[in-house]
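Now for the letters of each chain:
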Amino acid sequence: MQEVWNTKFQGETRLYGDTPNNFIKDNFELLHHAKNVMCLGEGEGRNAIFLAEKGLEVEALDASDVGLFKLRKWAKEHYLFIKIRHTLIEYWQPKPTYDAVVCTYLHLYKKDQKMLFEKALQALHVNGIFIAELFSESQINFTSGGPKNIALLYDFNDVLDIVKSLPCEVIKLSQEVILLNEGELHQGRGSVIRIILKKTTL
């Protein structure tokens, strides 16, 4: 089951900040030809808003009704339309209808992590792009946010094994220590796994 970190509506506070994830923003050129995108774990909507403002047709999936409420309100304030899908990722039944899938800090238990990659690839057209930034197991040693349960963090070698089994080209797969500056939740040095995949076949 997805871990939901913010279950209480706190006015207009956006716990992840008002700006898109840097990894998504820095790799937007890979999405220049995309028309539609699915944002996973995107309740508060910073990536969804950024991509919609760039002209993409955006859908956001999250288990948090609180976060999705904030996204809906934020999109309305920006005169943007973002389709909302309120569900757990395990109940999502994707079809190959998207040009891109983006995902940041979606905390899943070990047994469900392979499902994330499989469903993201299933959701893509051939040549579609999956971009993700996830906390690595090494994040347990940092104080910059994320789960304190190692079962909700990602092991680089596990991710590598998963990716090898999928119909994709690996554009980027790395574990990095970066400086996080994202709202209230992610501040300071942190350890992340950065992933860019290109779907090769159905």
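Above this text is the structure in question.
Throughout this description, residue numbers start from 1 for each chain and increase along the sequence as written. Predicted model: local features are reported for residues with pLDDT of at least 70 only, side-chain atom pairs are reported and counted for 80 or more only, and whole-chain, interface and lining totals are derived from all residues. Hydrogens and waters are ignored; side-chain quantities use all the structure's heavy atoms.

Caption draft 1: Structural context of the overall build of the protein chain. Secondary structure summary: the protein chain contains five helices and seven strands in total. By definition, any uninterrupted DSSP run of H or I lasting at least four residues is a helix, any uninterrupted run of E lasting at least two residues is a strand, and each is numbered from the N terminus. Helices and strands appear in the protein chain in the N-to-C order α-β-α-β-α-β-β-α-β-α-β-β. Looking at the protein chain residue by residue over its 202 residues, the buried ones come to 54%. The long-range fraction of contacts in the protein chain, counting pairs at least 24 apart against all pairs at least 6 apart in sequence, stands at 71%. Here the Shrake-Rupley method, with its probe set to 1.4 Å, supplies the accessible areas, and only the displayed protein chains count as covering residues. Within the structure as shown, the protein chain displays about 9500 Å² of accessible surface, and the carbon and sulfur contribution to it stands at 51%. Any residue under 20% of the maximum accessible area for its type is buried, any over 50% is exposed, and the rest in between are partly exposed; the area is computed with a 1.4 Å probe on protein chains only. Whether two residues are in contact is decided by their heavy atoms: any pair within 4.5 Å suffices.

Caption draft 2: The arrangement of the nonpolar core in detail. Definition of nonpolar core: a set of buried residues of the types Ala, Val, Leu, Ile, Met, Phe, Trp, Tyr and Cys, connected through side-chain atoms within 4.5 Å. Judged by nonpolar contacts, the single largest core of 30 residues is most densely connected at L40, L116, F117, F130 and I195. If you list the elements that add at least two residues to this core, you get β1 (36–40), β4 (98–104), α4 (110–122), β5 (124–135), α5 (156–164), β6 (168–182) and β7 (186–199). At five residues, the largest contribution of residues to this core is made by α4. Counting 25 residues, the second largest nonpolar core, distinct from the first, contains L31, A60, V102 and I129.

Caption draft 3: Spotlight on the sheet that holds β4. With mixed pairing, the seven strands of this open sheet are ordered in space as β3-β2-β1-β4-β5-β7-β6. Two strands bound the open sheet, and with one partner strand each, they are β3 (82–86) and β6. When strand polarity is set aside, the average angle formed by the axes of neighbouring strands in this sheet is 15°. Bridge analysis of β4 against β5 gives six bridges, and the strand direction is parallel. Bridge pairing in β5 links V102 to I131. Docked against the sheet, helix α3 (residues 65–77) engages β2 (57–62) and β3, running at close to 170° with respect to β3. In this scheme, strands are said to pair when DSSP sees at least two bridges between them. Working convention: axes come from line fits to C-alpha atoms, limited for helices to the stretch in contact. Angles between N-to-C directions cover 0 to 180 degrees.

Caption draft 4: Just the packing of helix α2 (residues 46–53) against α3, in detail. Contact geometry for α2 and α3: axes closest at 10 Å, N-to-C directions at 30°. Between α2 and α3, the angle falls in the class roughly parallel. Where α2 crosses over α3, the handedness of that crossing is right-handed. Together, R46, A48 and I49 of α2 and L71, W74 and A75 of α3 make up the contact between the two elements. Residues are grouped as follows: nonpolar covers Ala, Val, Leu, Ile, Met, Phe, Trp, Tyr, Cys and Pro; charged covers Asp, Glu, Lys and Arg; every other residue, Gly included, is treated as polar. Within the contact of α2 with α3, the residues separate by chemical class into five nonpolar, no polar and one charged. The cut-offs work like this: below 35 degrees is roughly parallel, past 145 is roughly antiparallel, 65 to 115 is roughly perpendicular, and the gaps in between are oblique. For a crossing to be left-handed, the near helix must be turned anticlockwise from the far one by less than a right angle; the clockwise case is right-handed.

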